[in-house]
Structures are given as structure tokens and as C-alpha cells.
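One-letter residues, chain by chain:
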Amino acid sequence: MKSLLTTLLLAAAAASPVFAAEDHKPKHGGVVVETKAGDMELVAKPDLIVIHVSDHGKPMKLTSATGKVTVFNGNDKTEAPLALAGDKLEAKGSFKVGAGTKVLADVALNGKPAVAARFTLK
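Reading the values: rules and limits
- Residues numbered from 1 in each chain as written.
- Predicted model: local features only at pLDDT ≥ 70, side-chain atom pairs only at ≥ 80, totals over all residues.
- Heavy atoms only, no water.
- 1 Å grid on protein atoms, 1.4 Å probe; cavity = no way out; pocket = protein on both sides within 12 Å on 5 of 7 lines; lining within 4 Å.
- Points joined across faces, edges and corners; volume = space filled by probe spheres on them.
- Helix = DSSP H or I, 4+ residues; strand = E, 2+ residues; numbered from the N terminus.
- Pairing = 2+ DSSP bridges.
- Axes fitted to C-alpha atoms, helices over the stretch in contact; angles between N-to-C directions.
- Core = buried A, V, L, I, M, F, W, Y, C linked by side-chain atoms within 4.5 Å.
- Buried < 20%, exposed > 50% of the residue type's maximum accessible area, 1.4 Å probe, protein only.
- Contact = heavy atoms within 4.5 Å.

(A) Representation of the layout of surface pockets. When its volume is computed, the largest pocket comes out at roughly 210 Å³. Forming the walls of the largest pocket are 16 residues, and the residues nearest its centre are Lys27, His28, His52, Val53 and Ser54. Put simply, the parts of the chain that give the lining of the largest pocket at least two residues each are strand E2 (38–45), strand E3 (48–55) and strand E4 (58–59). Taken as a whole, the second largest pocket holds about 150 Å³ of empty space. Lining the second largest pocket we find Lys36, Ala37, Met60, Val107, Ala108, Leu109, Asn110, Lys112, Pro113 and Val115. Ranked by the residues each element gives to the lining of the second largest pocket, the list is headed by strand E9 (residues 102–109), at three residues.

As C-alpha cells, then:
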């Protein structure tokens, strides 16, 4: 019985596809989340929020993008529109950011349906 189980486990391991390890580490000093549209890295400053988008570790070429960010800090809630700035998205305003701040980004990239990305700042 043990040899049958061992044979089945070895066969399953040999038949499973090999996946390359993806790099989900921040490249710009922010917080990274994985979405259907790609990996999004949020970099938050008191006057500027930037979202970098990558696909399998490579920066994604953005031709169009729309969206908004909502920043939640305690009882404070601040919304700002996102604008395309090269190959990243930016929201300008006055934001209370710090450890524990939560940010919700609703983003539509390159004509595809919008996705939601939820970040918690460290």
C-alpha cells in the first residue's frame, strides 16, 4: 500500500507544471498587491499617491487608465481621481497616511474592466 501511495505521489509531482517564482516584492518602496490586472504597488505620501503596475515582474505599458483612490485613516476618508502619468497612476491631494492606513484603488487599465486593489500601509 505504501509503495502504491509513493508511486502516485511521484507521478503527480512529475505531471504537475513547473511555475516560475514571481517577484511580488516592492520595487518602489511601497506596498504590493496582486490583482487580475497585474501586480499593483502603492507608494503613498501626504501629497501624492502613486500606483505602479507590473505584469510578471515587468512594468506594464499603460496606454489608458481611469480610476480613483479612497484613503481611510481612522474616521477620515479622502477620495481623489487617478491620472495616467507615463507608465504609472497618480493621485494628487492632501492625504493622511501612516502605518495602518487603508487605501482602496478602483482602476481600469488599457480599456479592460475595472479592478479593486486594497492596500494597508506598513
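Moving on from the coordinates now.
(B) Seen up close, the sheet that holds E9. Taken in spatial order, the four strands make up an open sheet running E6-E5-E9-E10, and their pairing is antiparallel. Two strands close off the open sheet at either side, each with one partner strand: strand E6 (76–81) and strand E10 (115–120). For this sheet, the mean inter-axis angle between neighbouring strands, taken without regard to orientation, is 15 degrees. Looking at chain direction, strand E5 (residues 65–73) and E6 are connected through six bridges and run antiparallel. Residue pairing across strands places valine 69 opposite alanine 80, the latter belonging to E6.

(C) The pairing of E9, seen in detail. Bridge count between E5 and E9: eight bridges; the pairing is antiparallel. Paired with valine 69 across the strands is alanine 105, a residue of E9. Between E9 and E10, which pair antiparallel one after the other, the connecting turn spans five residues, and asparagine 110 there sits at a positive phi close to 50 degrees.

(D) Broad picture of the nonpolar core. Ranked by internal contacts, the top residues of the largest apolar core, which has 25 residues, are Met40, Ile51, Val69, Leu109 and Phe119. Mapped onto this core, the elements with two or more residues apiece are strand E1 (31–35), E2, E3, E5, strand E8 (88–92), E9 and E10. Among the elements that make up this core, the one with the highest residue count is E9 (four residues). The contact partners of phenylalanine 119, leaving out residues within four places of it in the chain, are Val31, Val33, Met40, Glu41, Leu42, Thr101, Lys102, Val103 and Ala105.

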